[in-house]
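Chain by chain, the residues run as shown.
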Amino acid sequence: MAFLGRAVRRVASAVRPPLFPLCRATARSYSSEPTKEKSVPYEKTLQQKDEASSGPTKPVPRSADVVVIGGGSLGCQTIYHLAKMGMTNVVLLERDRLTAGTTWHTAGLLWQLRPSDVEVELLAHTRNVISKDLEEETGLHTGWIQNGGLFIASNKQRLDEYKRLMSLGKVYGIESHVLSPAETKDLYPLMNVDDLYGTLYVPKDGTMDPAGTCTTLTRAATARGAKVIENCPVTGIQVRADALGVKRVKAVETAHGTIETPCVVNCAGVWATKLGQMAGVKVPLVAMHHAYVVTERIEGIQNMPNVRDHDASVYLRLQGDALSVGGYENNPVFWDEVSDDFAFSLFDLDWDVFTQHIEGAINRVPGLEQTGIKSTVCGPESFTADHKPLMGEAPEVRGFFLGCGFNSAGMMLGGGCGRELAHWIIHGRPEKDMYGYDIRRFHNSLTDNTSWIRERSHESYAKNYSVVFPFDEPLASRNMRKDPFHQVLTEQGCVFQERHGWERPGWFNKDGAAPLKDYDYYGAYDIKKNVNYKYNELLGKEYTFDFPPHHNVIRSECLSCRHGVAVFDMSYFGKFYLTGPDAKKAADWLFTADVNKKPGSTVYTCMLNKKGGTEADLTVSRLEPGAADLPLAPRSQGDAYYLAIGGGVAEHNWNHIRTTLQDQGFHCQLTDHSEDMGMISIQGPKSREVLQEVLDTDLSNEEFPFSSHKVVSAAGHQVRAMRLSFVGELGWELHIPKGSCLAVYHAVMAAGAKHGIINSGYRAIDSLSIEKGYRHWHADLRPDDTPLESGLGFTCKLKSSIPFQGRERLQSQKEEGLRRRIVCFTIDEKVPMFGLEAIFRNCTPVGHLRRSDYGFFVDKTIGYGYIRSPDGGVVTADFIKKGEFTLERMGVTYEAKAHLKSPFDPENKRIKGIYA
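Residues numbered from 1 in each chain as written. Predicted model: local features only at pLDDT ≥ 70, side-chain atom pairs only at ≥ 80, totals over all residues. Heavy atoms only, no water.

Caption draft 1: Molecular detail of the overall build of the chain. For the chain, the helix and strand inventory stands at 20 helices and 39 strands. Computed over its C-alpha atoms, the radius of gyration of the chain comes to 29 Å, within 12% of the 29 Å expected for a compact globule of 916 residues. When the backbone C-alpha atoms are referred to their principal axes, the chain occupies close to 90 × 65 × 55 Å. Going through the 916 residues of the chain one by one, you find that 63% of them count as buried. Taking as baseline every contact in the chain between residues at least 6 positions apart, the subset at least 24 positions apart corresponds to 74%. Of the accessible surface of the chain, which amounts to about 33,900 Å², a share of 49% is contributed by carbon and sulfur atoms. (Helix = DSSP H or I, 4+ residues; strand = E, 2+ residues; numbered from the N terminus. Rg over C-alpha atoms; globule rule 2.2 N^0.38 Å. Buried < 20%, exposed > 50% of the residue type's maximum accessible area, 1.4 Å probe, protein only. Contact = heavy atoms within 4.5 Å. Areas by Shrake-Rupley, 256 points an atom, 1.4 Å probe, with all protein chains shown as cover.)

Rendered as C-alpha cells:
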C-alpha cells in the first residue's frame, strides 16, 4: 500500500529537498512504492470480460432517421432526448460496451454554478434528468448522490468570483452560502481552514454514477423505440453531393451492415477526430491523460461535500468513506497516438505530473498524509481550444453533427447538451444560445491547424481552475490572423485582443509597445518560460473585479471620441458579397429590414432563425450592378449586396447564410473578402473636418447622409466610405483594399493631428456602444432573443408584406405581448459590473445583466439585461416604470434606475452631426 504523504516524498526527493511540513517524520512503516492498482471506484461497470460473442448485441437496421455514434454520456443523453422528443427511428452504435471509452472512469461531479447563465441552465437540466426524471420514467436509480459542493477561496479575488456565482444563482433559485473559515470547519471538520479566505457552499450539488446513468438513459430510450447496439464499430461514413453540390450524410458503414441515414451525431469522445475524417469533417480536439487517485477509508469523511480548491488546482470527490483526488496541472500528458482498441482501459499514472495535486489535497485535508492510496485512475479525455464542447452541424457536411470534446465534463453537461443537440437535429437549431459550444465559433482556417489546437487546448487545460476574469486573453497561438495595420499599431502601444484568430486592438498603452511572443506552455515540457513579457504583465493587471489600472486610459479613448475624433481599426470584420440571380429573393428572406433601397444605401438589420431568434446583426449595403472591381465591388449583372459583420462571429454568419440559401434553394453566390480589405472607423464631432481633407467627396448631410455609402478616393486610393456609427457619433467607416491600408491610415492621422486624433480600441467601443444602447451579438443579443425583445423592432419590415425568416414568431409576439424584454439600468455608485449581476424588482429576482460597462460620458455604470414578470405575464412599459429595481453584485445590492431608452443622446442627434 502507498500513502499520499509518502508518494509526495518519493517524487519530491528526486527533484528537490524534502517537503515540510507535508512530509514530517513518522514512526509508521510502509512501502514507499506507489500502488500499481488501476481501477475505477465504482461498484459496477459495464465491462464484460468473458463475453461469448464479439458481434453486435442487436441486428443492424437498414435505415434510421439519426445514427448516434458513441455510447458514452453524450451519446446516451442524445438518444434519450431524441426519443423523448418523439424521434424513435434512431440508433446508437457503440464499438464496445456503453461507457467503454472515457465515461466509465469519469469522476462524475456535478456543480450547479458556473460563470455562464447558459451553463447554469444546462447543468440544471442534467441534474433534473439524473436525480428525478429517469427514476420516474424507469423506476431505476441512476446512482445520483446529493452530498453538496464546497468551493475553496484562499484569497479575496477567488471569493469575489464565488460571490458572483452566488448572485447569479439567486436568479435561478440555486441555494448557496458564503461561509467563513470557522463555518467551513463546522461543516467539514477534517479540513484545514488556516489559509482560507472563505468558501461557497452549494448544498444540492452532487455526484453521478456513469454506469448507472448510461444504463438508465438507454433503458428509457429503448422503451420509446430507440435502438442501442453495442459491439458494433463504425468503419465508414458515406457522403453524397446533392443537385446544388452540397455535401450531405448518406449512410453509416459497419462491419455488420450499412445504415442509410441523413443524420449522424459524432459522440465519439477522443475518437471523434478519426470519425470526422471518415466524412471529411474537421474535429479540433486533442486527447490528454487525465487522472485521479482513490484513497483508502478515511474516518469521519462520510457525507462530506465534494470540494473544489481552485487555487490548489485540486478537487476532492466523496467516494463513500474515501476520497477521489484529482485536478488540472500545467504539464498534462498528450495522447498523440489514439488507439482504436482502447476500451475499459487505463494508463499508468505519471507520479511526476500528479504529485502537485497530492500536495494540494494534503494541505486541505491533512489527514490524507497518512491515508493509503487504494488505486489510481488515469484515462484519456478530449480537450478543446477554449475548454468548451464541440456541438452543432459541421460546416463541411450537412447532417453531420458534433457532440464531443467535453473537457472531462461530459457527465455534468450531458443532460443539458443532449437535449439541445436533440432539438438542434429535429428543429434545425437549439433552444438555448449554444453559440459558445457551436463548432462554427472557430474560423475554418483554425480547425485543422494542429499547432493552434494543441497550444490552445493546453492553455485552456492548464487554466481550467484559474479565476475567470472579465478581460482575460489567451497567450497561446497568437498572431494567427493579422490585418495590415498590425505592426504600426503595435509600435504605438496597442494591446491586442484575440477574436476568431484575428488580433484586434483592445486599448493603447501609454508606456510603449507590448508585442506578443510565441507560446511558452507556462514553462512546461522543458520549454523556456518567457521573461520580460510586457503583454503578459499588462494582462496580469487586468486580473481584478475592480476597475483595472488603465481604467483612465480607456476613459481618455472614449472621451476623445465623444469630444473630438478617434480612429478605430475594425479590419477583423467579416466582409461578404451576396450576388446572383436570386440575390434579391435571398436578401428579402435573410434580412429583417428592407435592404432593397436604392444603390448607395446601407441598412442595419438582423438575421433570424426559424423561431425568430437573432442569429446576427450586421449592415447590408446595396451595390450598383457592373463589372468587378475587387475587392471593392463584385461582378454583378443584377442585385448585389455588401455585408459587413462583426469579425468574432463571421464564421457563424457565413454558415447561417450559406445553409439558409441551401435550404431555400436560392441560386446565389456568397463570397468572402474579409482578408482582402482593411477597415478603419473615424468617429467623433470632428470626424467630418478630418475626413474632408482626405476624401474627394462632399461629406455634408445633404450629399452624404447617414446610412449611405460611396466608392471615393482617399489620398489617391479607392475606398468604400460608409457613414455609420457603432459608438453613437458622427462618423464614417473606410473599407480599404489591403495594399492601400497604410497609406490611407497615415493620411487620416496626418489630417487629424491638428484636431487631436487618437487611436482607440475595442475596450472603448464596448463602453461607447453600451452608453449609446447599441447591442453586441452574443452578449445582449443572442439566438434566443427576438428583435422585439431586444429593442430592435425598428429593424423589422413588419409593416410590409415581404416574408422573411422568423416573421411568424415576431407577429405572434407583437399580438400577444412580450413576456421578456431588455432594459437599461444605471447605478450611481462608482463600482464596476461585468454582466451576470442579478436584477431584482421590488425585492424579487426578475433576471440578470447580460452586459455591463462603465459609461464615461454619463459617468455611470450601465448594464443591460432581460427581465420577466414573476407571474409569467406580459412585461409592459408600466411594469418597468413602476418597479423599484436593484442590482446585486457579489452579494451587495445597489439601487438602480431603469431606462426605456438609452440615457445618452436618446434623440439620436449626434450621429446626424447635431451637437448644438
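Caption draft 2: Looking closely at helix 9 (residues 410-427). Maximal helix bending in helix 9 amounts to about 40 degrees, located at Gly-416. Two residues or fewer after helix 9 comes Gly-428, characterised by a positive phi angle close to 85 degrees. (Bend = angle between axes of the 7 residues up to and from the residue.)

Caption draft 3: Representation of unusual backbone geometry. Note the cis peptide between Leu-630 and Pro-631, where omega equals 5 degrees. Checked against the element boundaries, Pro-631 lands in the loop between strand 26 (614-622) and strand 27 (641-645).

Caption draft 4: Looking closely at the sheet that holds strand 19 (residues 390-393). Pairing in this open sheet of six strands is mixed, and the strands run 9-3-2-13-20-19 from one edge to the other. Lying at the two open borders of the sheet, with one neighbouring strand each, are strand 9 (227-229) and strand 19. If you compare each strand with its neighbour and ignore which way they point, the axes differ by 20 degrees on average. Sheet topology note: the strand 3 (residues 90-93)/strand 9 ladder contains three bridges and is parallel. For Leu-93, the partnering residue across the bridge sits in strand 9 and is Ile-229. Helix-sheet contacts for helix 2 (residues 73-84) involve strand 2 (66-69), strand 3, strand 9, strand 13 (264-266) and strand 20 (400-404), and the interaxial angle to strand 3 is about 170 degrees. (Pairing = 2+ DSSP bridges. Axes fitted to C-alpha atoms, helices over the stretch in contact; angles between N-to-C directions.)

Caption draft 5: Region of interest: the side chain of Glu-729. In this structure, Glu-729 sits in the loop between strand 31 (717-722) and strand 32 (731-737). Contact partners of Glu-729, with chain neighbours within four places excluded, come to Cys-561, Arg-562, Gln-683, Gly-684, Pro-685, Phe-904, Arg-910, Ile-911 and Tyr-915.

Caption draft 6: Main features of the pairing of strand 39 (residues 892-899). In the sheet, strand 34 (residues 820-827) pairs with strand 39 via three bridges, with the strands oriented antiparallel. By the bridge assignment, Thr-826 is partnered in strand 39 with Lys-897. Two elements, strand 38 (residues 885-889) and strand 39, share five bridges in a ladder whose sense is antiparallel. Bridging from a neighbouring strand, Glu-888 pairs with Thr-893 of strand 39. Connecting the antiparallel pair strand 38 and strand 39 is a turn made up of two residues, with Met-890 showing a positive phi of about 55 degrees.

Caption draft 7: Broad picture of helix 8 (residues 351-364). Taking 1.5 Å per residue, 14 residues should reach 20 Å; helix 8 reaches 20 Å between its end C-alpha atoms and fits that length. Turning to helix 8, its buried residues number three or more, namely Trp-351, Val-353, Phe-354, Thr-355, His-357, Ile-358, Gly-360, Ala-361, Ile-362 and Arg-364. Here helix 8 starts with a cap whose side-chain oxygen sits 3.0 Å from the backbone nitrogen of Asp-352, and that cap is Asp-350. (Expected span 1.5 Å × (residues − 1). Polar contact = N/O pair within 3.5 Å; in protein donor to acceptor, adjacent residues only side chain to side chain.)

Caption draft 8: Quick look at the side chain of Ser-621. Among the structural elements, Ser-621 can be located in strand 26. Separated by 2.8 Å, the side chains of Ser-621 and Thr-602 make a polar contact. Setting aside its immediate chain neighbours within four residues, Ser-621 contacts Ser-601, Thr-602, Ala-640, Tyr-641, Tyr-642, His-709 and Met-722.

Caption draft 9: Geometry of the sheet that holds strand 23 (residues 566-569). The strand order across the open sheet built from six strands is 30-31-32-29-23-33, with neighbouring strands paired in mixed fashion. At either end of the open sheet lies a strand with only one pairing partner, and these are strand 30 (709-714) and strand 33 (758-760). On average, adjacent strands in this sheet sit at an angle of 30 degrees to one another, irrespective of strand direction. Bridge count for strand 30 against strand 31 is six bridges, and the pairing is antiparallel. Residue pairing in the sheet places Val-712 in a bridge with Val-719 of strand 31. Relative to the sheet, helix 13 (residues 551-563) contacts strand 23, strand 29 (677-683) and strand 33, its axis offset from that of strand 33 by approximately 115 degrees. Contacting strand 23, strand 29, strand 30, strand 31, strand 32 and strand 33, helix 17 (residues 741-752) runs over the sheet at an angle of about 150 degrees to strand 32.

Caption draft 10: Region of interest: the nonpolar core. Val-66, Leu-93, Tyr-188, Val-265, Leu-323, Phe-400 and Cys-417 are the most contacted members of the largest nonpolar core, which totals 149 residues. Top contributing element to this core by residue count: helix 9, with eight residues. Sequence-distant contacts of Leu-323, that is, excluding residues within four places in its chain, are made with Tyr-188, Val-293, Val-294, Thr-295, Ile-298, Ile-301, Leu-316, Arg-317, Leu-318 and Leu-368. Ala-593, Cys-606, Phe-804 and Leu-810 belong to the second-largest nonpolar core, a separate cluster that totals 38 residues. (Core = buried A, V, L, I, M, F, W, Y, C linked by side-chain atoms within 4.5 Å.)

Caption draft 11: Spotlight on the pattern of salt bridges. Under the defined criterion, the tally for this structure stands at 49 salt bridges. Of the charged contacts in the structure, one is a salt bridge between Arg-158 and Asp-311, with a shortest N-O distance of 3.0 Å. Residue Arg-158 is located in helix 4 (residues 156-171), and its partner Asp-311 is located in the loop between strand 15 (306-309) and strand 16 (314-319); the two are separated by 153 residues in the primary sequence. In this structure Arg-158 comes out as buried when scored by relative accessible area, which is 3%. With relative accessibility at 34%, the residue Asp-311 sits in the partly exposed group. Here Glu-771 ties to Arg-562 by a salt bridge, and the two come within 2.9 Å at their closest N and O atoms. With Glu-771 in helix 18 (residues 762-772) and Arg-562 in helix 13, the pair connects residues that are 209 residues apart, well separated along the chain. This pair shows no difference in class: Glu-771 is buried, exactly as Arg-562 is. Within this structure, Lys-84, Lys-132, Asp-133, Glu-136, Glu-137 and Arg-224 form a network of salt bridges that share partners. (Salt bridge = Lys/Arg side-chain N within 4 Å of Asp/Glu carboxyl O.)

Caption draft 12: Seen up close, the state of the cysteines. Following the criterion strictly, the structure yields zero disulfides and no others. Here Cys-606 is not cross-linked by a disulfide; its sulfur's nearest cysteine counterpart is in Cys-796, at 6.1 Å. (Disulfide = S-S within 2.5 Å.)

Caption draft 13: Seen up close, the packing of aromatic side chains. Within the structure shown, the criterion is met by 34 aromatic pairs. Between the aromatic rings of Tyr-572 and Phe-573, the centroid separation amounts to 5.9 Å while the plane-to-plane angle is 75 degrees, which identifies the pairing as edge-to-face. When its relative accessible area of 7% is taken as the criterion, Tyr-572 is described as buried. Feature note: the residues Phe-334, Tyr-519, Tyr-521, Tyr-522 and Tyr-525 constitute an aromatic cluster, connected by ring pairs. In this structure, Arg-763 packs its charged tip against the face of Phe-471, placed 3.6 Å from the ring centre. (Phe/Tyr/Trp six-rings, centres within 6.5 Å; stacked < 30°, edge-to-face > 60°. Lys NZ or Arg CZ within 6 Å of the ring centre and 35° of its normal.)

Caption draft 14: Quick peek at the packing of helix 13 against helix 18. For the pair helix 13 and helix 18, the least separation of the axes is 9 Å and the interaxial angle reads 55 degrees. In terms of orientation, helix 13 and helix 18 fall into the oblique class. Relative to helix 18, helix 13 is oriented so that their crossing is right-handed. Contacts between helix 13 and helix 18 involve Ile-554, Glu-557, Cys-558, Cys-561 and Arg-562 from the first element and Arg-763, Ala-764, Ser-767, Leu-768, Glu-771 and Lys-772 from the second. Classifying every residue of the contact of helix 13 with helix 18 by side-chain character gives five nonpolar, one polar and five charged. (Parallel < 35°, antiparallel > 145°, perpendicular 65-115°, else oblique. Left-handed = near helix turned anticlockwise from the far one by under 90°. Nonpolar A, V, L, I, M, F, W, Y, C, P; charged D, E, K, R; others polar.)

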